[in-house]
Amino acid sequence: MAKSAARCAGGSPAKVLTDKEEISMKKLILGLMVLAMTFSLVAPAASQVKKPLKIAFVYIGPPGDMGWTYEQDRGRLAIEKQFGSQIETKYVENVPEGPDAERVIRQWAMSGFGKDGKEGADLIFTTSFGYMDPTVAVAKEFPNVKFEHCSGYKTAPNLATYFGRIEEARYLTGIIAGRMTKSNVIGYVAAFPIPEVVRGINGFTLGVRSVNPKAQVKVVWTNTWYDPVKEREAAVALLDSGADLIAQHQDTTEPQKAAQERGKYSIGYDSDMGKFVGDSVLASAMWEWSTYLSSTVKQALAGTWKTHEYWGGLKDGVVKLSAISPKVPANVVKEVEAAQKKILGGWSIFSGPLKGQDGKVVYPAGQVVPDAKQASMDWFVEGVVGKIQ
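Residues numbered from 1 in each chain as written. Predicted model: local features only at pLDDT ≥ 70, side-chain atom pairs only at ≥ 80, totals over all residues. Heavy atoms only, no water.

> Hey, could you run me through the overall build of the protein chain in this one?
A tally of regular secondary structure across the protein chain gives 12 helices and 15 strands. Classification of the 389 residues of the protein chain by burial places 48% in the buried group. (Helix = DSSP H or I, 4+ residues; strand = E, 2+ residues; numbered from the N terminus. Buried < 20%, exposed > 50% of the residue type's maximum accessible area, 1.4 Å probe, protein only.)

> Would you mind showing me how to read the sheet that holds strand E3 (residues 123-126) here?
Strand pairing in a sheet relies on backbone hydrogen bonds. The paired strands run either parallel or antiparallel. Here we have six strands laid out as an open sheet, ordered E2-E1-E3-E4-E5-E11, and parallel in their pairing. Across the chains shown, the open sheet's two edge strands, defined by having one partner strand only, are strand E2 (87-92) and strand E11 (309-312). Each strand axis lies, on average, 15° off the axis of its neighbour in the sheet, ignoring direction. The pairing of strand E1 (residues 53-58) with E3 spans four bridges and is classified as parallel. What sits directly across from Ile55, in E3, is Leu123. Seen against the sheet, helix H2 (residues 68-83) touches E1, E2, strand E4 (146-150) and strand E5 (159-164) and runs at an angle of roughly 165° to E2. (Pairing = 2+ DSSP bridges. Axes fitted to C-alpha atoms, helices over the stretch in contact; angles between N-to-C directions. Contact = heavy atoms within 4.5 Å.)

> Can you walk me through the environment of Leu293 in this structure?
If you trace the backbone, Leu293 turns up in helix H10 (residues 290-302). Residue Leu293 is classed as buried on the basis of its relative accessible area, which comes to 0%. For the pair Leu293 and Arg76, spaced 217 residues apart in the sequence, the C-alpha separation amounts to 7.5 Å. Contact partners of Leu293, with chain neighbours within four places excluded, come to Phe57, Gln72, Gly75, Arg76, Ile79 and Phe125.

> I tried to follow H10 on my own but got confused; where do I start?
Think of an α-helix as turning once every 3.6 residues; residues three or four places apart then point the same way. For H10, spanning 13 residues, the distance from its first C-alpha to its last is 18 Å, which sits close to the expected 18 Å at 1.5 Å a residue. Among the residues making up H10, those that are buried are Tyr292, Leu293, Ser294, Thr296, Val297 and Ala300. (Expected span 1.5 Å × (residues − 1).)

> Please explain the packing of helix H5 (residues 166-180) against helix H11 (residues 330-344) as it appears in this structure.
Packing of H5 against H11 brings their axes to within 10 Å, and their N-to-C directions diverge by 155°. Comparing the axis directions of H5 and H11 gives the class roughly antiparallel. Judged by the sense of rotation from one axis to the other, the crossing of H5 with H11 is right-handed. Between H5, through Glu168, Tyr171, Leu172, Ile175, Ile176 and Arg179, and H11, the contact on the second element is made entirely by Val332, Glu335, Val336, Ala339, Gln340 and Ile343. (Parallel < 35°, antiparallel > 145°, perpendicular 65-115°, else oblique. Left-handed = near helix turned anticlockwise from the far one by under 90°.)

> Looking at this structure, I do not really get the packing of aromatic side chains. What am I missing?
Each aromatic ring pair is summarised here by two numbers: the centre-to-centre distance and the angle between the ring planes. As enumerated under the stated definition, the model contains 18 aromatic pairs in all. Taking the centre distance of 6.1 Å and the plane angle of 45° together, the rings of Phe57 and Tyr59 count as tilted. Phe57 sits in the buried class, given a relative accessible area of 0%. Its relative accessible area of 0% is what places Tyr59 among the buried residues. One aromatic cluster is present, built from ring pairs that chain together Phe57, Tyr59, Trp68, Tyr91, Phe125, Tyr162, Phe163, Trp287, Trp289, Tyr292 and Tyr310. Note that Lys90 overlies the ring of Phe113, its terminal NZ or CZ placed 5.1 Å from the centroid. (Phe/Tyr/Trp six-rings, centres within 6.5 Å; stacked < 30°, edge-to-face > 60°. Lys NZ or Arg CZ within 6 Å of the ring centre and 35° of its normal.)

> So what exactly am I meant to see when it comes to the pattern of salt bridges here?
Working definition: two side chains of opposite charge can pair if their charged atoms are close together. This structure, assessed with the given rule, holds 19 salt bridges. Notably, a salt bridge pairs Arg76 with Glu80, separated by 3.2 Å at the nearest N-O pair. With Arg76 and Glu80 both in helix H2 and four residues apart, the pair spans about one turn of that helix. Judged by relative accessible area, Arg76 falls into the buried class, the value being 7%. According to the relative accessible area criterion, Glu80 is partly exposed, its value standing at 31%. Across the pair Arg165 and Asp371 runs a salt bridge, and its minimum N-O distance is 2.9 Å. On the criterion of sequence distance, the pair formed by Arg165 in the loop between E5 and H5 and Asp371 in helix H12 (residues 371-375) is long-range, its members being 206 residues apart. Judged by its relative accessible area of 17%, Arg165 falls in the buried class. Residue classification places Asp371 among the partly exposed residues on the basis of a relative accessible area of 38%. Through salt bridges with shared partners, a single ionic network connects Glu71, Arg74, Glu288 and Lys320. (Salt bridge = Lys/Arg side-chain N within 4 Å of Asp/Glu carboxyl O.)

> Sorry if this is basic, but what is going on with the nonpolar core here?
A general tendency of soluble globular proteins is for nonpolar side chains to be buried together. Ile55, Ile124, Phe147, Ile201, Phe204, Trp287 and Trp289 are the most contacted members of the largest nonpolar core, which has 94 residues in total. Broken down by element, the residue count for this core peaks at eight residues, all from H5. Residues in contact with Phe204, not counting those within four places in the same chain, are Arg170, Tyr171, Thr173, Gly174, Ala177, Ile186, Tyr188, Val217, Ala247 and Ile267. In terms of nonpolar packing, the next biggest core, distinct from the first, is built from 10 residues, Val189, Leu238, Ala243 and Ala259 among them. (Core = buried A, V, L, I, M, F, W, Y, C linked by side-chain atoms within 4.5 Å.)

> Sorry, what's going on with unusual backbone geometry here?
Among all residues except glycine, the phi angle is most often negative; among peptide bonds, the trans geometry is most common. Residues Gly352 and Pro353 are joined by a peptide bond in cis, for which omega reads 10°. Within the secondary structure, Pro353 is located in the loop between H11 and strand E13 (354-355). Not every positive phi belongs to a glycine, and Ser151 is a case in point at roughly 85°. Structurally, Ser151 can be placed in the loop between E4 and E5. On the basis of relative accessible area, Ser151 is assigned to the buried category, the value being 10%. Its identity as a non-glycine residue notwithstanding, Asn184 has a phi of 65°, on the positive side.

See below:
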């Protein structure tokens, strides 16, 4: 390579590079350029590390060791274990339905997460029917937050509903109750006169009368979800009126205990109540939320979550039947297994002919009650003694 004899502006001779020095210089410049490009790629990536999905749960009662809230919280713990650091969950318990619920839900949407407590939740589960309107109100205020309401029927672009066909499991427990009653009077301690509870009473009664058309299901309302004293009192009143088997739709085991103390049988709800009371609890209709919550969180993490109305049944694993008490004869267990197989095969327990309390046909043979009508059910089937009030 020719050497340059040029001078710099100051008149001093410029340094002449050899071929080797020039190659080294080019390598150095190239290396610096690659390093700069690497930093330009890595730095933004480091700043874009995803924060965990913040998930809040609003509970009507305490998680405890059984019941409605316990089963919801068992689902929460399951997704914590499954997704690890990808999510962060928190919950608040004993939130009354009504204005207090709206305040609490709004607080989760605004803040409650992060070390400074100023980060809002990304996804909020409100887990009681009475939270429906408060959830709708808050969802309108926070369109970027996803809401999931359990057992309701109102949706929005950022608000979905989820529930399960617990009446399918109740139908199976009804078969057991219908076979085990001697007096043909079965007591039912009912929570609130809303479609969810009415549907459960009807499903249970249809199961009872599928094997024992003479049996009746007598209903007493407590207007409570969790009140041990009131629920025991209602059960005792039913036992005093001739019932020899008790079913219910609340979180406590007080109705089951009251029946056991009288030497009578009972049917459990929410969790396997036989584990807490004994084999006088013939079976329980149970919830299992982990599968649904897992699917929902996957969608939220992937950015594919959309509003929906989920209503799963026995085939989806959202509801199930507990272990059956050894006091139930083997032939009755077989009847239950046959009915369960039928439901899993697609048969609806609300298939006609269905009669109302007055004995008149409401849905003829071959007709199934549409989901929309099931969701708003406000009438009792034949065999139920009581009023929706």
